[in-house]
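Structural overview for review
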Amino acid sequence: METRQNEKTPLLEVRDLSVSFRMYDGSLEQRRLEVISSLSMTVYPGEILAIAGSSGSGKSLLASAILGILPANASTGGEMYFDGQPLTAERQRKLRGGGIALVPQSVAYLDPLMRVGPQADGHRKPRPTERRRGLFRRLGLPEEAERLYPFQLSGGMAQRVSIARALAGDPSVILADEPTGALDSRTGREVLRFLQKLNAEGDTVVLITHDNSIAVQAERIIRLEDGRIVYDGDAHSPDAFVASPLFEAQMEEFQKMRAKEGGAG
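Fair warning: this is a prediction, and the values are worked out from it, not measured in the lab. (Residues numbered from 1 in each chain as written. Predicted model: local features only at pLDDT ≥ 70, side-chain atom pairs only at ≥ 80, totals over all residues. Heavy atoms only, no water.)

Applying the stated rule across the entire model yields 1 aromatic pair. When the ring centre of phenylalanine 136 is taken as origin, the NZ or CZ atom of arginine 132, which lies over that ring, is 5.0 Å away. (Phe/Tyr/Trp six-rings, centres within 6.5 Å; stacked < 30°, edge-to-face > 60°. Lys NZ or Arg CZ within 6 Å of the ring centre and 35° of its normal.)

If you want it as structure tokens, here you go:
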């Protein structure tokens with residue numbers, strides 16, 4: 001993997017990023033709470049990378065900072081580059097949904113009053129209806145799904161619509177924030193396989209997850225703790241994880257799944 005990365009220029013680069021929030025304490029005095037500190041990372045073209053960490057580690061905030069969608073009371077420091085050019089606020093707005101796309105962890109992003117087909121097309125010009133229909137088919141969504149409202153979809157169908165919506169703009173980087181979190185295990189595996197297939201076809205995929213069994217599906221893991229990187233390397237290295245009973249159980253389940261898939265082949 002080192003050879004692969006060294007031969008390429010990063011597609012996305014974050015240098016010394018900090019994210020803090022303006023807060024008020026019990027005496028109504030203003031203070032700043034820093035949640036990401038001195039974070040530097042790179043994403044290379046065509047790789048599948050996992051950003052892993054527990055709840056509150058800063059992984060979803062990192063995605064929001066890259067996209068420029070942090071709350072109004074947030075402040076950032078450091079530099080970000082996309083395709084070799086500074087990732088300014090104006091450029092973030094232009095790239096959202098196009099060059100960089102987010103698959104959100106919540107289907108609440110879907111408008112409950114709008115049919116999901118036109119909603120997945122978005123406001124893009126020209127409308128990517130045929131590409132989106134192709135994505136619906138690849139994701140196993142029936143043709144009539146585009147005429148439904150979000151409340152008429154199962155959780156798995158709604159998550160697939162969210163993925164199609166993110167991919168309709170043919171992005172260079174896919175940020176998938178807990179893409180299987182709201183799904184049953186079977187549907188979650190199907191969604192993960194679809195993201196892996198996109199990566200095999202050349203797309204750059206970043207999996208943002210708290211689940212070690214999802215993270216090990218990547219080539220490389222960046223592990224966050226308290227807003228700092230504590231590991232950046234091979235996803236299958238023993239150093240990638242801090243051993244815990246939960247992790248050991250997840251790894252055992254993962255090994256069983258891999259053995260079963262190998263036997264089926």
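Another aspect to go through is the sheet that holds strand E6 (residues 100-103). Across a sheet, strands are paired by hydrogen bonds formed along the backbone, either parallel or antiparallel in direction. Ordered by their spatial adjacency, 6 strands build an open sheet running E6-E7-E8-E3-E9-E10, and the pairing between neighbours is mixed. The open sheet terminates on both sides in strands that have one partner only, identified here as E6 and strand E10 (228-234). In this sheet, adjacent strand axes meet at a mean angle of 15° when their direction is disregarded. Looking at chain direction, E6 and strand E7 (residues 173-177) are connected through 4 bridges and run parallel. (Pairing = 2+ DSSP bridges. Helix = DSSP H or I, 4+ residues; strand = E, 2+ residues; numbered from the N terminus. Axes fitted to C-alpha atoms, helices over the stretch in contact; angles between N-to-C directions.)

Quick look at the nonpolar core now. Formed by 39 residues in total, the largest nonpolar core has its most connected members in Val161, Ile163, Leu167, Phe194, Leu195, Leu207 and Ile221. Per element, the largest residue contribution to this core is 6 residues, and it comes from helix H6 (residues 155-167). Apart from residues lying up to four places away in sequence, leucine 167 is in contact with Arg131, Leu135, Ile174, Phe194 and Leu198. Membership of the second largest hydrophobic core comes to 31 residues, among which are Leu39, Ala74, Leu95 and Val173. (Core = buried A, V, L, I, M, F, W, Y, C linked by side-chain atoms within 4.5 Å. Buried < 20%, exposed > 50% of the residue type's maximum accessible area, 1.4 Å probe, protein only. Contact = heavy atoms within 4.5 Å.)

Turning next to helix H5 (residues 129-138). Each full turn of the α-helix corresponds to 3.6 residues, which orients residues three or four apart in the same direction. Those residues of H5 lying buried are Thr129, Arg132, Gly134, Leu135 and Phe136. The inward-facing, buried residues of H5 abut helix H4 (116-121), H6 and helix H7 (185-200). Positive backbone phi, approximately 80°, marks glycine 140, located one or two places after H5.

Looking now at H7. With 16 residues, H7 should cover 22 Å at 1.5 Å per step; its first-to-last C-alpha distance of 22 Å lies within 8% of that length. Residues Thr187, Gly188, Val191, Leu192, Phe194, Leu195, Leu198 and Asn199 constitute the buried set of H7. Along H7, the residues classed as buried sweep out an arc of 155° about the axis, all on the same side. Seen from the buried face of H7, the exposed residues on the opposite side, beyond 90 degrees, are Ser185, Arg186 and Ala200. One or two residues past the end of H7 sits glycine 202, with phi positive at roughly 115°. (Expected span 1.5 Å × (residues − 1). Arc of directions from axis to C-beta.)

What follows concerns the pairing of strand E4 (residues 74-82). Summarising the sheet, strand E1 (residues 12-24) and E4 pair through 8 bridges and their orientation is antiparallel. The partner of glutamate 13 across the bridge, within E4, is tyrosine 81. When E4 meets strand E5 (residues 85-86), the two strands line up antiparallel, connected through 2 bridges. Counterpart to tyrosine 81 in the pairing with E5 is proline 86.

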